[in-house]
Structure formats: structure tokens, C-alpha cells
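Each chain is listed here by its residues.
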Amino acid sequence: PAPPSAPVGGEEGKDYIGGLEALSLNHLPPGSARFWAPVVCMYLLTLLYLSLLRREWPVYARLRHMWDSQPAPHRYAVLLRVSPAATPPSVLEER
């Protein structure tokens, strides 16, 4: 098979960006200042997330402690596992 005549990045002489090329940074020239935008956005979103986490964590912890301090039947349940070898046959027949 012959190699494609168009470059891998798209059609030759193409002056618009579409499809998957819009999601990549391949269309930016090397050394462009627009390479800093994802880095700045990453730090801004990280700071936003950490500030929300810092504000919400005490509320979550307080509500969780309140929920755990309420009496509930499932906190007092006991699971007994009885092996059939240690159980007399008369008890097994009653099941």
C-alpha cells in the first residue's frame, strides 16, 4: 500500500480545526504562550477543589458523627456462623 499523500495531522492547506484536533495541543506552534492555559487552569481547579474540601469536611465530619451516635439495630446485630461438623445432627434436621 502506498503512504497517504496528506499529512497525519489533517489535510494539507486546512485552515480550520475540528474533531479530535480541537481537543489536542498539536495545532499550537512550539513555544506558544497558549501552552500555559492548561497549567493555569489545572492549578485554579486544584485550589478550588481544596478550598471546597476544606470548607465541607468539618460539616461532613459533624454530620457523620451525629449519624453514627444514633442507636440503630444494625449496629447491634450479631452474625453467628456454626459449622455443620460441630453441630449435632438433630439441630441440623430442624432447619
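For the structure itself, consult the block above.
No experiment lies behind these values; they were computed from the predicted model shown.

1. A short note on the overall build of the protein chain
Then comes step 1: When helices and strands are tallied, the protein chain shows two helices and zero strands.
Then comes step 2: In the protein chain, which comprises 95 residues, the share counted as buried stands at 4%.
Then comes step 3: Carbon and sulfur atoms provide 66% of the accessible area of the protein chain, an area that totals close to 9300 Å².

2. Some words on the packing of aromatic side chains
Then comes step 1: Per the counting criterion, the structure on display carries one aromatic pair.
Then comes step 2: The interplanar angle of 40° and the centroid separation of 5.2 Å between the aromatic rings of Trp 57 and Tyr 60 together place this pair among those described as tilted. Here Trp 57 pairs with Tyr 60, and both are found in helix α1 (residues 36-69), just three residues apart, close to one helical turn.
Then comes step 3: Judged by its relative accessible area of 53%, Trp 57 falls in the exposed class.
Then comes step 4: Given a relative accessible area of 44%, Tyr 60 falls into the partly exposed group.

3. Considerations on a nonpolar patch on the surface
Then comes step 1: Together, Trp 36, Val 39, Val 40, Met 42, Tyr 43 and Leu 44 make up a nonpolar patch on the protein surface, roughly 650 Å² of accessible area in all.
Then comes step 2: For Trp 36, the position within the fold is in helix α1.
Then comes step 3: Taking relative accessible area as the criterion, Trp 36 reaches 59% and is therefore assigned exposed.

4. As for the pattern of salt bridges
Then comes step 1: Applying the stated criterion across every chain yields a total of one salt bridge.
Then comes step 2: Its salt-bridge partner being Asp 68, residue Arg 64 comes within 3.1 Å of it at the nearest N-O pair. With a gap of four residues between them, Arg 64 and Asp 68 both fall in helix α1, about one helical turn apart.
Then comes step 3: Overall, Asp 68 belongs to the partly exposed group, its relative accessible area being 35%.

5. Side note on the side chain of Ser 32
Then comes step 1: Within the secondary structure, Ser 32 is located in the segment before α1.
Then comes step 2: Overall, the relative accessible area of 15% leaves Ser 32 in the buried class.
Then comes step 3: Of the polar contacts made by the side chain of Ser 32, one reaches the backbone nitrogen of Arg 34; its length is 3.2 Å.

Cut-offs used in this document
Residues numbered from 1 in each chain as written. Predicted model: local features only at pLDDT ≥ 70, side-chain atom pairs only at ≥ 80, totals over all residues. Heavy atoms only, no water. Helix = DSSP H or I, 4+ residues; strand = E, 2+ residues; numbered from the N terminus. Buried < 20%, exposed > 50% of the residue type's maximum accessible area, 1.4 Å probe, protein only. Areas by Shrake-Rupley, 256 points an atom, 1.4 Å probe, with all protein chains shown as cover. Phe/Tyr/Trp six-rings, centres within 6.5 Å; stacked < 30°, edge-to-face > 60°. Patch = residues over 30% accessible without salt bridge, like charges linked within 9 Å, V, L, I, M, F, W, Y side chains within 5 Å. Salt bridge = Lys/Arg side-chain N within 4 Å of Asp/Glu carboxyl O. Polar contact = N/O pair within 3.5 Å; in protein donor to acceptor, adjacent residues only side chain to side chain.

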